[in-house]
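This is what each chain is made of:
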Amino acid sequence: MPEATGNREASGRHIVLLGMMGSGKTTIGTRLATHLERPFVDSDEVLRSTTGREAARIAREDVVEALQAIDAELLLDRLGVTRPAVSAAESSAIESELCRAALLHHTCIWFDADPATLASRQHRADHRRTLPHAEDDIAALKRRRDPVYDALASTRIDTAAVDPDRALLAAL
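Caption draft 1: How the structure looks around the nonpolar core. With 23 residues, the main nonpolar core has Val-16, Leu-18, Leu-75 and Leu-103 as its most contacted residues. Where this core is concerned, the elements lending two or more residues are β1 (15-18), α4 (64-79), α5 (97-103), β4 (107-112), α6 (115-122) and α7 (134-152). Among the elements that take part in this core, α7 stands out by supplying five residues, more than any other. The residues contacting Leu-75, other than those within four sequence positions of it, are Ala-89, Glu-90, Ala-93, Cys-99 and Leu-103. Residues Ala-33, Phe-111, Leu-168 and Ala-171 belong to the second largest nonpolar core, which totals twelve residues.

Caption draft 2: Structural context of the side chain of Arg-53. Within the secondary structure layout, Arg-53 lies in the loop between α2 (43-51) and α3 (55-61). The exposure class of Arg-53 is buried, given its relative accessible area of 17%. For Arg-53, the residues in contact, after removing those within four places along its chain, are Leu-47, Arg-48, Ile-58, Glu-61 and Asp-62.

Caption draft 3: Geometry of α6. Turning to α6, its buried residues are Thr-117, Leu-118, Ala-119, Arg-121 and Gln-122. Measuring from the side-chain oxygen of the N-cap residue of α6 to the backbone nitrogen of Ala-116 gives 3.2 Å; that N-cap residue is Asp-114.

Caption draft 4: Local environment of the pattern of salt bridges. Considering all chains together, one arrives at eleven salt bridges under this definition. The partner of Lys-142 in a salt bridge is Asp-112, and the shortest N-O contact between them spans 2.5 Å. Here Asp-112 lies in strand β4 and Lys-142 lies in helix α7, a separation of 30 residues in the sequence. For the residue pair Lys-142 and Asp-112, the accessibility class agrees, reading buried in each case. The salt bridge involving Arg-156 is made with Asp-112; its shortest N-O contact spans 2.9 Å.

Caption draft 5: Expanded view of the confidence of the model for the chain. Mean pLDDT for the chain: 84, with 87% of residues reaching 70 or above. Counting interchain partners and residues more than four positions distant, the pLDDT-below-50 stretch residues 1-9 has 24 contacts.

Caption draft 6: How the structure looks around the sheet that holds strand β5 (residues 155-158). Strand order in this open sheet of five strands is β2-β3-β1-β4-β5, and the pairing throughout is parallel. Here the strands that pair on one side only, and so sit at the sheet edges, are β2 (40-42) and β5. Going across the sheet, the axis of each strand differs from the next one's by a mean of 20°, ignoring polarity. As judged from the four bridges shared by β4 and β5, these two strands associate in the parallel manner. Opposite Ile-109, over in β5, you have Thr-155 as the bridge partner.

Caption draft 7: Representation of the packing of helix α1 (residues 25-36) against helix α8 (residues 164-171). Where α1 meets α8, the closest approach of the two axes is 9 Å, and the angle between their N-to-C directions is 55°. The angle between α1 and α8 falls in the class oblique. Classified by chirality, the crossing of α8 by α1 is right-handed. Touching Thr-27, Ile-28, Arg-31 and Leu-32 of α1 are Pro-164, Asp-165, Ala-167, Leu-168 and Ala-171, all from α8. Among the residues making up the contact of α1 with α8, the classes are represented as six nonpolar, one polar and two charged.

Criteria and cut-off values
Residues numbered from 1 in each chain as written. Predicted model: local features only at pLDDT ≥ 70, side-chain atom pairs only at ≥ 80, totals over all residues. Heavy atoms only, no water. Core = buried A, V, L, I, M, F, W, Y, C linked by side-chain atoms within 4.5 Å. Buried < 20%, exposed > 50% of the residue type's maximum accessible area, 1.4 Å probe, protein only. Helix = DSSP H or I, 4+ residues; strand = E, 2+ residues; numbered from the N terminus. Contact = heavy atoms within 4.5 Å. Polar contact = N/O pair within 3.5 Å; in protein donor to acceptor, adjacent residues only side chain to side chain. Salt bridge = Lys/Arg side-chain N within 4 Å of Asp/Glu carboxyl O. pLDDT = per-residue confidence, 0-100. Pairing = 2+ DSSP bridges. Axes fitted to C-alpha atoms, helices over the stretch in contact; angles between N-to-C directions. Parallel < 35°, antiparallel > 145°, perpendicular 65-115°, else oblique. Left-handed = near helix turned anticlockwise from the far one by under 90°. Nonpolar A, V, L, I, M, F, W, Y, C, P; charged D, E, K, R; others polar.

Here it is as structure tokens:
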């Protein structure tokens, strides 16, 4: 991970929350945004308002790669907005080279959890794409994505090990 920059000091930059589906980006991000008096931008809401569909439906009706391309484009659009916000990134956005390059100019916080925890949280929301072999599929995705999250993030928070209030304190 890059050296921590201190999230309060990054007043002109977006704070981007990275992590897998179910890692707590929305739960903790809304609290963080309130505390920092910034708008909170939820990737699921942006996707729904932009496309009229939820991630699960896009993945089902189109292909996963189409969903990932839309996710990357939406994140890049959000990072181009002048007013700094707390933004929950799409979990796949870091697979885009353009997104990775753009994220280097913002403060990134990685919300992490073990595959079993992420799999158990996956079923809490119908709007998320469900992985057929959840825990194994998540473990495979984590092996690919975790090194990228680690390279981009100034802070890593294990959301399986702490409650949302403690995660908020760690994010500050």
